[in-house]
Amino acid sequence: RDDYDRLSRLFPSSGLGNYVLEMPNSLSDDFYQPYGKLYDRTTTLIEKGRNISVRGIYIDVFPIDGIGNTMAEAKKNYRIIKWSYFLYLSKTAVVRKDREKWKTFLAMLANLLPGFVLSEKRLRVFIDRKCSRIDYNHSSLCGNLLGRKFDGEIVPKVFFGNPKEVSFNGIKVFMPEKAEL
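This write-up is about the structure you can find in this document. Please read these numbers as outputs of a predicted model, since none were measured by experiment.

A few points about the side chain of Ser119
Turning to step 1, where the next piece is worked out: Along the polypeptide, Ser119 turns up in the loop between α3 (101–110) and α4 (120–132).
Turning to step 2, where the next piece is worked out: A polar atom in the side chain of Ser119 sits 3.2 Å from the backbone nitrogen of Arg122.

Listed below in structure tokens is the structure:
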């Protein structure tokens, strides 16, 4: 989380070369994720969600957040995040014919709530704050709390080990110590 927040703070709002970073507190009306996205401005990608979003090809940027010291504590701490994120996904979902009926119903129900009652922007910032509230350094369990597997992505912190520098496409990046390339 510290590196994720540092990236958000230090990345120029006007972009860096061909790249632009959007984070959950973005003011853009068509940005709809409670995590970061790094876009390449030399490309174009049109995403058809509830709102059409025109950006470049992107990489999702997820923080790894602390969530507790026991699995019971982690699941308890994660509950508000999971249900807030589920509501958020329902509010931003597109109604499609091939989607399961219960998901379509939830998406339609969530969209009955007007923006002044439940704003997508306020909800994604709320989710980001809830994810960051437990200090990673004092937690033995952590994970990508915004993954689609929900609490299935909570793992012991030792899984990540210490960051190690590796070469990826000619640039130096940090990977989890035990990652296989």
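Let us keep going from here.
Here's the deal with the packing of aromatic side chains
Turning to step 1, where the next piece is worked out: The tally for this structure, following the rule as stated, stands at three aromatic pairs.
Turning to step 2, where the next piece is worked out: When the centroid spacing of 5.9 Å and the interplanar angle of 70° are considered together, the rings of Tyr39 and Tyr58 count as edge-to-face. Placement of Tyr39 in strand β2 (residues 36–40) and of Tyr58 in strand β5 (residues 58–61) is noted, with a sequence separation of 19 residues between them.
Turning to step 3, where the next piece is worked out: Ring geometry for Trp83 against Phe86: centres 5.7 Å apart, planes inclined by 85°, an arrangement best described as edge-to-face. Placement of both Trp83 and Phe86 in helix α2 (residues 71–92) is noted, with a separation of three residues, approximately one turn of the helix.
Turning to step 4, where the next piece is worked out: Accessibility expressed as a relative area gives 52% for Trp83, which makes it exposed.
Turning to step 5, where the next piece is worked out: Over the ring of Tyr58 we find Lys37, and its NZ or CZ is 3.3 Å from the ring centre.
Turning to step 6, where the next piece is worked out: Seen from the ring of Tyr136, Lys157 lies directly overhead, with NZ or CZ sitting 4.8 Å from the centre.

Reading the values: rules and limits
Every chain is numbered independently, its residues counted from 1 as its sequence is written. The predicted nature of this model means local features are confined to residues of pLDDT at least 70 and side-chain atom pairs, given and counted, to a pLDDT of 80 or more, with totals for whole chains, interfaces and linings taken over all residues. The side-chain values count all of the structure's non-hydrogen atoms but skip hydrogen atoms and water molecules. Helical segments are the DSSP runs of H or I of at least four residues, strand segments are the runs of E of at least two, and each set is numbered from the N terminus. Pairing of N or O atoms within 3.5 Å defines a polar contact, subject to two protein rules: one partner must be a possible hydrogen donor and the other a possible acceptor, and residues neighboring in sequence count only if both atoms are side-chain atoms. Each aromatic pair joins two rings of Phe, Tyr and Trp (for Trp, the six-membered one) with centres within 6.5 Å, and gets the label stacked for planes under 30 degrees apart, edge-to-face for over 60, and tilted for any other angle. Buried means the residue's accessible area, taken with a 1.4 Å probe over protein chains only, is under 20% of the maximum for its type, while exposed means over 50%, and partly exposed covers the values in between. Placement of a charge over a ring requires the Lys NZ or Arg CZ to be within 6 Å of the ring centre, with the centre-to-atom vector within 35 degrees of the ring normal.

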